[in-house]
Amino acid sequence: MSYLKFDKTLMTNLEESLPKEILRTNRSGAYHCTTIVDCNTRKYHGLLVIPVPELDDENHVLLSSLDETVIQHGAEFNLGLHKYQGDNYSPKGHKYIREFECEKVPTTIYRVGGVVLKKEKLFVHHENRILIRYTLLDAHSATTLRLRPFLAFRSVRQYTHENSQANREYQEVTNGIKTCMYPGYPELYMQLNKKNEFHYQPDWYRGIEYPKEQERGYDFNEDLYVPGYFEVDIKKGESIVFSGGVSSVTNIRALKKTFEDEVEERTPRDTFKHCLINAAHQFLNKQDDEFYILAGYPWFKCRARDMFISLPGLTLAIDEQPKFELVMETARKALYAFMNNEPSGLRIYEMEHPDILLWAVWCIQQYAKMVSRDACREKYGALLEDIMAFIRSNKHPNLSLLDNGLLYARGTENAVTWMNSTVGGRPVIPRTGFIVEINTLWYNALRFIGELLGEAGNEKLNEELSALAEKSGKSFVETFLNEYGYLLDYVDGNMMDWSVRPNMIFAVAFDYSPLNVTQKKGVLDIVTKELLTPKGLRSLSPKSGGYNPNYVGPQIQRDYAYHQGTAWPWLAGFYFEAYLRIYKMSALGFIERYMIGYEDEMSSHCIGSMPELFDGNPPFKGRGAVSFAMNVAEILRVLYLLSKYNY
């Protein structure tokens, strides 16, 4: 039995099936995302969603969906599904679904009377092309397949509505058509591997609704353009492949082989770890010979902090060292461009935030631990030395090294840490001054860089950084450790934030910490008691003022809740690392039991991946982006750490 399989009972119950989504990417920025019953519930959903750099920096939905109709003896059975006003679903094709599984590719089995049809979808790697293979498993009489494409040609952040500007023209190509609704967009080629008839029947399907957008307080309906439909005869045992892409398939007969070859390349989603590995591969994004890590799907771009936190888990933890090096090569260019105050031309955002350079050091530190210290020094030693010199010379626009050895950042006007939600342009949590994780990262960086470069003979630098670390560590304890045994979140003069937040866990998790063992255990105990949930660490303790654990409602309501009690799985990665440091072998059973809670998520939300965050209170419902890089990465890194202990 497939690891990710859903039967007729679940599939035909829209309350159960609509919240479950699938995501496939081409690893070059394009994706396909929808629900497991192929009913789009978000404006971000679509069969073919691609970047169009000539227009802007957003993704664009070209082909929204493809409705299949099975025809026998003149009777038509439409397998499509769309939501319309008033909770009306049509044509209710989900009632014909017998099972769905996605071990290698998303596969749906439909049964209509004596007809059994299998549908398989895949995204071609590094090409803007979706392939759908239809196989007629059983039929007792002549069967025709009708395919009706729904076109959008719009940004993922907008909607399309019936208009007179849309171009209705099309041109015939081999076994299909090409069309383009608006200037500036690429042409969409829709072709089959078998000769078929295209019936031109242009129309707008009006008032299609996206309930996920309605939940989030946005506009939620649009009209989609249907140019007509394809009809093709299909025999029992025969497979027909549909291609939707921005270039023509020249060798149309090779479509079947292309599909089979692509399927062979896929890692089966047959275990918890294999699901996470597949999810990890989806975040790697190659554009213009540069390699990035997307922060998440369907709306995030490459954000510097997310990239550096995610990279070790998404690559080194699954033995994919070359991918780490490719991404880090692009990141290196961006880091130097920032330090030299030059434009990089790269698609990495938020490089200016004060913790980014320090997370880059942590990221490289994982390479030293998981690959080799010598290789790390050879590849990244000069970069580490330059980062340290840049920070120490106070060249960063928002990071000052003060006389007490701590780093100071201004965060009242702009959000400067990962807790970055804003309302009205102002940070919801104005973390400013001496910020706990920035100074934890700083102490860790001083020790790591000093020792790594000292091993290669740079004793002078090691002595300087060691002396600075001594001063920084002493000031850290004096500044952040309070009489209740946990760490203040940030301190700015007489302003001290006593909120119990998860940012203190890094001082227990990192290789180098200014805390002694007793102090570490005290911090870990508080985090365990007040912040640990089955889905991650809460961003704020229920005992602290302003606790708001449910990430629901319109944008402003969600922004106020974003870091005020919601639970984040990636933080649990550092929590479990901290737990292993304190309790060693006796921690294994505890952590392995917690992993079961994450494995449950493989068949919820986005199938085989982890959503962005969870509510901080039961039932800990998944929210936000359907697939989030830092969460996948840190769970993979925990599995790696467990494997080292169990080795």
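See the structure shown above.
This structure is a prediction, so every number in the text was calculated from the model and none was measured.

Procedures and definitions
Residues numbered from 1 in each chain as written. Predicted model: local features only at pLDDT ≥ 70, side-chain atom pairs only at ≥ 80, totals over all residues. Heavy atoms only, no water. Salt bridge = Lys/Arg side-chain N within 4 Å of Asp/Glu carboxyl O. Helix = DSSP H or I, 4+ residues; strand = E, 2+ residues; numbered from the N terminus. Buried < 20%, exposed > 50% of the residue type's maximum accessible area, 1.4 Å probe, protein only. Pairing = 2+ DSSP bridges. Contact = heavy atoms within 4.5 Å. Axes fitted to C-alpha atoms, helices over the stretch in contact; angles between N-to-C directions. Parallel < 35°, antiparallel > 145°, perpendicular 65-115°, else oblique. Left-handed = near helix turned anticlockwise from the far one by under 90°. Nonpolar A, V, L, I, M, F, W, Y, C, P; charged D, E, K, R; others polar.

**Here we look at the pattern of salt bridges**
- All told, the structure shown has 48 salt bridges when counted by the stated rule.
- The partner of arginine 154 in a salt bridge is glutamate 222, and the shortest N-O contact between them spans 2.9 Å. Taken as a pair, arginine 154 in strand S13 (residues 143–155) and glutamate 222 in strand S18 (residues 221–234) lie far apart in primary sequence, 68 residues in all.
- Classification of arginine 154 as buried rests on a relative accessible area of 3%.
- The exposure class of glutamate 222 is buried, given its relative accessible area of 0%.
- As a salt-bridge pair, arginine 332 and glutamate 329 come within 3.3 Å of each other at their nearest N and O atoms. Here the residue arginine 332 and the residue glutamate 329 both occupy positions in helix H7 (residues 321–339), the gap between them amounting to three residues, near one helical turn.
- Through salt bridges with shared partners, one network takes in Lys369, Asp511, Glu577, Arg581, Glu634 and Arg637.

**Focus on the pairing of strand S11 (residues 115–123)**
- Most of S11 is tucked away, with eight of its nine residues classed as buried.
- Bridge count for strand S10 (residues 107–112) against S11 is six bridges, and the pairing is antiparallel. By the bridge assignment for S11, isoleucine 109 is matched with lysine 118.
- Hairpin remark: S10 followed by S11, antiparallel, with two residues in the connecting loop; positive phi at glycine 113, about 60 degrees.

**Describing the sheet that holds strand S28 (residues 490–492)**
- Strand order in this open sheet of three strands is S27-S28-S29, and the pairing throughout is antiparallel. Bordering the open sheet on either side are strand S27 (434–435) and strand S29 (495–496), each of which pairs with just one other strand.
- When S27 meets S28, the two strands line up antiparallel, connected through two bridges. Its bridge partner being in S28, isoleucine 435 is matched across the sheet by tyrosine 490.

**Quick notes on the environment of leucine 122**
- Following the sequence through the fold, leucine 122 ends up in strand S11.
- With relative accessibility at 2%, the residue leucine 122 sits in the buried group.
- Each C-alpha atom of the pair leucine 122 and leucine 136 lies 18 Å from the other, and the pair is 14 residues apart in sequence.
- Excluding its chain neighbours within four sequence positions, the residues that come into contact with leucine 122 are Val105, Arg129, Ile130, Leu131, Phe259, Glu262, Val263 and Arg266.

**Regarding the sheet that holds strand S19 (residues 239–245)**
- Across the sheet, which stays open at both edges, the nine strands sit in the order S1-S9-S10-S11-S12-S19-S16-S15-S14 with antiparallel pairing between neighbours. This sheet does not close on itself; its edge strands, each paired only once, are strand S1 (5–7) and strand S14 (171–173). Taken over all neighbouring pairs, the strand axes of this sheet differ in orientation by 15 degrees on average, direction set aside.
- Against the sheet, helix H4 (residues 255–265) makes contact with S11, strand S12 (129–138), strand S16 (188–192) and S19, and its axis sits at roughly 100 degrees relative to S12, the strand it touches most.

**Thoughts on the packing of helix H6 (residues 304–314) against H7**
- It is the contact of H6 with H7, at a shortest axis distance of 11 Å, that shows an interaxial angle of 160 degrees. Put simply, H6 runs roughly antiparallel to H7. In this structure, the crossing between H6 and H7 has a hand that is left-handed. Of H7, the residues touching H6 (which contributes Met307, Phe308, Leu311 and Pro312) are Phe324, Val327, Met328, Ala331 and Leu335.
- The residue inventory of the contact of H6 with H7, partitioned by class, reads nine nonpolar, no polar and no charged.

Interpretation in functional terms is not warranted from these geometric data alone.
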